[in-house]
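Residues per chain are reported as follows:
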Amino acid sequence: MVRDTSFAGFLRNLVGPNVVPRLWGDTLNSAQNDPVKLSHTLLTARGQASGVAIADRVLTLIETADAEGLQRYLVALRDEFEVDLGAVLSAATSAKDPEAGPAALIALQQAAEPPRQELFRRLNAAPRGTERLVAFRCNLLAALRKDASLTPIDADLRHLLRSWFNRGFLVPARIDWHSPADLLEKIIAYEAVHRIDTWEDLRARLVPADRRCFAFFHPALPGEPLIFVEVALTRGLVGAIDTILTAPRDTLEAEDADTAIFYSISNCQAGLAGISFGAFLIKQVASDLKAELPNLKRFATLSPMPGFARWTQVQRIAPEYLAEGHEALPIAAAAYLAEAKDVANRPLDPVARFHLGNGAELHRINPSGDLSAKGRAQSHGVMVNYLYELEQVESRHEAFSAGGEITLSRHVRALVNRPRIWDTADSTQGRKDAKQPDS
């Protein structure tokens, strides 16, 4: 007896020999290697088991497709799984009727949702569906950089991922030296701010009593951190990263610390770009640390300024004004953080945008914060402390969200109000002519 190893044969074994022909007739064999046809079939499938099998097959075909095959599928997602504009207009007309009831609004809502959203929901039911859709979005984002017409696909998938990865599903956990080795390897690989070169480097960040590391996980991605934050427990505010990372040093007992410094925050899943977890994680960790160590009085970051050096170039600020120890350097940094805006009138610096939007205060500028090659290249060595005052975080977040209000400490405000000594006629004209960089 010859065994049927086709996809149709797999389905027959799964749901019964009489079910497959009744649902799809003879078309299934011809569609088994066509992810577009199978995607249309998936939207009409009624059986749970068959739907799972088809979803698995669609994802497998996408995952193994070459660049041309993937592009064909993305174009089909854009064109064949879009809303029916005529149906939307008809439903909107019905909903405008003063006598129309709730059913008309529900019909409008259903008509306005692209079919690909339901397709993504059904693909999510496949084995490891969420994990595979996150990986699929990595490829989608890469394609989007070359073809902006694919934006609607990403908007729909991002909408769903935001729901699936909302705060209620996130699981916080501390990572320490006794965590599984494969997880520790991922922490080394995902560290995006201050790289970890060796296991000894990692040990220095996890083992001492004055060091902590926390991450968010999701049940659909077991063993995969979504984001993690590294914390140094200190006495007083720290303004230089070498103070935290350079060994050897004297270890501080956790009970003797009065400050928690968040010195590195790393997102781990490229397919979840644009879905923010950091705001939740910082607040969660600050709250947990406060409960564990009541002696902690201050929660702050030690943050990079990744766009500062580029901005000074655009502003044509002469290098001599930005030399280490020159008084113009912190003044320029304060101007950049407090005044430079993107096209949406948000802080130009992405790290500032995150922390200020999260309700932090722009607290202190440290001209010699990071004198590594990377630190000098991206920010002339400057680092920033953003202060999280837990009782004021929400009100500052609301003020920033509503009107772009930035909370400045007296130290930073004084720098902002200082004369710009690099402001010569030539450099002023240069700023007028220069285009602001994108963040």
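These numbers were taken from a predicted model, which means no experiment stands behind them.

The rules behind the values
- Residues numbered from 1 in each chain as written.
- Predicted model: local features only at pLDDT ≥ 70, side-chain atom pairs only at ≥ 80, totals over all residues.
- Heavy atoms only, no water.
- Helix = DSSP H or I, 4+ residues; strand = E, 2+ residues; numbered from the N terminus.
- Buried < 20%, exposed > 50% of the residue type's maximum accessible area, 1.4 Å probe, protein only.
- Contact = heavy atoms within 4.5 Å.
- Areas by Shrake-Rupley, 256 points an atom, 1.4 Å probe, with all protein chains shown as cover.
- Polar contact = N/O pair within 3.5 Å; in protein donor to acceptor, adjacent residues only side chain to side chain.
- Phe/Tyr/Trp six-rings, centres within 6.5 Å; stacked < 30°, edge-to-face > 60°.
- Expected span 1.5 Å × (residues − 1).
- Arc of directions from axis to C-beta.
- Pairing = 2+ DSSP bridges.
- Axes fitted to C-alpha atoms, helices over the stretch in contact; angles between N-to-C directions.
- Salt bridge = Lys/Arg side-chain N within 4 Å of Asp/Glu carboxyl O.
- Parallel < 35°, antiparallel > 145°, perpendicular 65-115°, else oblique.
- Nonpolar A, V, L, I, M, F, W, Y, C, P; charged D, E, K, R; others polar.

### Concerning the overall build of the chain
For step 1, the next point in the chain: Secondary structure assignment for the chain yields 22 helices and seven strands.
For step 2, the next point in the chain: Here the chain, with 439 residues, has 47% of them falling under the buried criterion.
For step 3, the next point in the chain: The long-range fraction of contacts in the chain, counting pairs at least 24 apart against all pairs at least 6 apart in sequence, stands at 72%.
For step 4, the next point in the chain: Of the roughly 21,700 Å² of accessible surface on the chain, 53% is carried by carbon and sulfur atoms.

### Notes on the side chain of Asp-210
For step 1, the next point in the chain: As for its position among the elements, Asp-210 is in the loop between α13 (199–206) and β2 (211–217).
For step 2, the next point in the chain: Here Leu-252 takes part through its backbone nitrogen, which lies 3.0 Å from a polar atom of the side chain of Asp-210.
For step 3, the next point in the chain: Among residues more than four places away in sequence, those in contact with Asp-210 are Val-231, Ala-232, Leu-233, Arg-249, Asp-250, Thr-251 and Leu-252.

### Comments concerning the packing of aromatic side chains
For step 1, the next point in the chain: By the definition in use, this model includes six aromatic pairs.
For step 2, the next point in the chain: Arranged with centres 6.2 Å apart and planes meeting at 80°, the rings of Trp-177 and Trp-199 form a pair that is edge-to-face. Of the two residues, Trp-177 is situated in the loop between β1 (171–174) and α12 (181–190) and Trp-199 in helix α13; the sequence distance between them amounts to 22 residues.
For step 3, the next point in the chain: With a centroid separation of 5.4 Å and an interplanar angle of 40°, the aromatic rings of Trp-311 and Tyr-336 are classed as tilted. Separated by 25 residues along the polypeptide, Trp-311 in helix α16 (residues 308–314) and Tyr-336 in helix α17 (residues 328–339) bring together distant segments of the chain.
For step 4, the next point in the chain: Of the aromatic side chains, those joined through ring pairs into one cluster are Phe-308, Trp-311 and Tyr-336.

### Some thoughts on unusual backbone geometry
The phi angle of most residues is negative, glycine excepted, and most peptide bonds adopt the trans form.
For step 1, the next point in the chain: Even without glycine at this site, Arg-128 takes up a positive phi of about 55°.
For step 2, the next point in the chain: As for its position among the elements, Arg-128 is in the loop between α9 (115–123) and α10 (129–144).
For step 3, the next point in the chain: On the basis of relative accessibility, which here comes to 51%, the residue Arg-128 falls in the exposed class.
For step 4, the next point in the chain: Here the phi dihedral of Arg-316 falls at roughly 55°; this positive angle occurs in a residue that is not glycine.

### Here's the deal with helix α11 (residues 151–164)
For step 1, the next point in the chain: In this model α11 runs 20 Å from its N-terminal to its C-terminal C-alpha over 14 residues, within 8% of the 20 Å that 1.5 Å per residue would give.
For step 2, the next point in the chain: By the burial criterion, the buried members of α11 are Ile-153, Asp-154, Asp-156, Leu-157, Leu-160, Leu-161 and Trp-164. For α11, the angular spread of buried residues about the axis comes to 160°, placing them on one side.
For step 3, the next point in the chain: Buried residues belonging to α11 abut α6 (67–80), α9 and α10.

### Regarding the sheet that holds β2
Either a parallel or an antiparallel arrangement is found when strands of a sheet pair, and the pairing is made through backbone hydrogen bonds.
For step 1, the next point in the chain: In space, the seven strands of this open sheet follow the order β1-β2-β3-β4-β5-β7-β6, with mixed pairing throughout. Sheet topology places β1 and β6 (361–366) at the edges, where each strand pairs with a single neighbour. The sheet shows a mean angle of 30° between the axes of neighbouring strands, direction not considered.
For step 2, the next point in the chain: Pairing between β1 and β2: four bridges, direction antiparallel.

### Overview of the pairing of β2
For step 1, the next point in the chain: For β2, the buried fraction is high: seven of the seven residues fall into the buried class.
For step 2, the next point in the chain: Of the two faces of β2, the one lined by Arg-211, Cys-213, Ala-215 and Phe-217 and the one lined by Arg-212, Phe-214 and Phe-216 are each fully buried.

### Let's talk about helix α4 (residues 35–44)
Since one α-helical turn is 3.6 residues long, residues separated by three or four positions face the same way.
For step 1, the next point in the chain: Of all ten residues that make up α4, seven are buried, and the element is covered over most of its length.
For step 2, the next point in the chain: Within the sequence span of α4, burial applies to Pro-35, Val-36, Leu-38, Ser-39, Thr-41, Leu-42 and Leu-43.
For step 3, the next point in the chain: The N-capping residue of α4, defined by a side-chain oxygen 3.0 Å from the backbone nitrogen of Val-36, is Asp-34.

### Quick word on the pattern of salt bridges
For step 1, the next point in the chain: In this structure the tally under the stated criterion is 26 salt bridges.
For step 2, the next point in the chain: Residue Glu-68 is joined to Arg-72 by a salt bridge in which the shortest nitrogen-to-oxygen separation is 3.3 Å. With Glu-68 and Arg-72 both in helix α6, this residue pair falls four residues apart, about one helical turn. For the pair Glu-68 and Arg-72, a shared accessibility class is recorded, and that class is exposed.

### What to know about the packing of α6 against α10
For step 1, the next point in the chain: Packing of α6 against α10 leaves a shortest axis separation of 11 Å and a crossing angle of 85°. The angle between α6 and α10 falls in the class roughly perpendicular. For the pair α6 and α10, contact is made by Leu-70, Gln-71, Leu-74 and Leu-77 and by Phe-136, Asn-139, Leu-140 and Ala-143, respectively.
For step 2, the next point in the chain: For the contact of α6 with α10, a count of residues per class yields six nonpolar, two polar and no charged.

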